[in-house]
Amino acid sequence: RIEGALSNLTSKQFQSLEAAVRLGYFDIPRKINSRELASDIGISHSTVLEHIKKGQREILHTLFKE
C-alpha cells in the first residue's frame, strides 16, 4: 500500500513532501516553517501548503482505506 500511496501523488506533491521531511518541517520542534519551505523549493506559501495537505490526504486515504 505504501508504494501505491506514493505513486498516486503528483510530482509537486511528492516534491513538497520530500522537501518537508528532508528539511525538518515535520520534526518536533520544526526545523523549518512552511514559509521557509516554500522559499527553499521556489513556490508560493499557499501552494506548498496545498501540496502538503493534498499529498498527506492521498497517502492516508490510500493506506487506511478498506
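Above this note sits the structure.
The structure presented is a predicted model; accordingly, all values stated were derived computationally and were not measured. (Residues numbered from 1 in each chain as written. Predicted model: local features only at pLDDT ≥ 70, side-chain atom pairs only at ≥ 80, totals over all residues. Heavy atoms only, no water.)

Draft legend 1. Representation of the packing of helix α2 (residues 11-23) against helix α4 (residues 45-64). Between α2 and α4, whose axes approach to 8 Å, the crossing angle comes to 95°. What the angle tells us is that α2 and α4 run roughly perpendicular. Along its contact with α2, which presents Lys 12, Gln 13, Ser 16, Leu 17 and Ala 20, the element α4 presents Val 48, His 51, Ile 52, Lys 54, Gly 55, Gln 56 and Ile 59. Here the residues of the contact of α2 with α4 are counted per class, giving five nonpolar, five polar and two charged. (Axes fitted to C-alpha atoms, helices over the stretch in contact; angles between N-to-C directions. Helix = DSSP H or I, 4+ residues; strand = E, 2+ residues; numbered from the N terminus. Parallel < 35°, antiparallel > 145°, perpendicular 65-115°, else oblique. Contact = heavy atoms within 4.5 Å. Nonpolar A, V, L, I, M, F, W, Y, C, P; charged D, E, K, R; others polar.)

Draft legend 2. Molecular detail of unusual backbone geometry. Ile 28 connects to Pro 29 through a cis peptide bond whose omega is -5°. Looking at the secondary structure, you find Pro 29 in the loop between α2 and α3 (34-41).

Draft legend 3. Highlighting the packing of aromatic side chains. Scanning the entire structure with this criterion turns up one aromatic pair. For the cation-ring pair, Arg 30 lies above Tyr 25, with the distance from its terminal atom to the ring centre recorded as 4.0 Å. (Phe/Tyr/Trp six-rings, centres within 6.5 Å; stacked < 30°, edge-to-face > 60°. Lys NZ or Arg CZ within 6 Å of the ring centre and 35° of its normal.)

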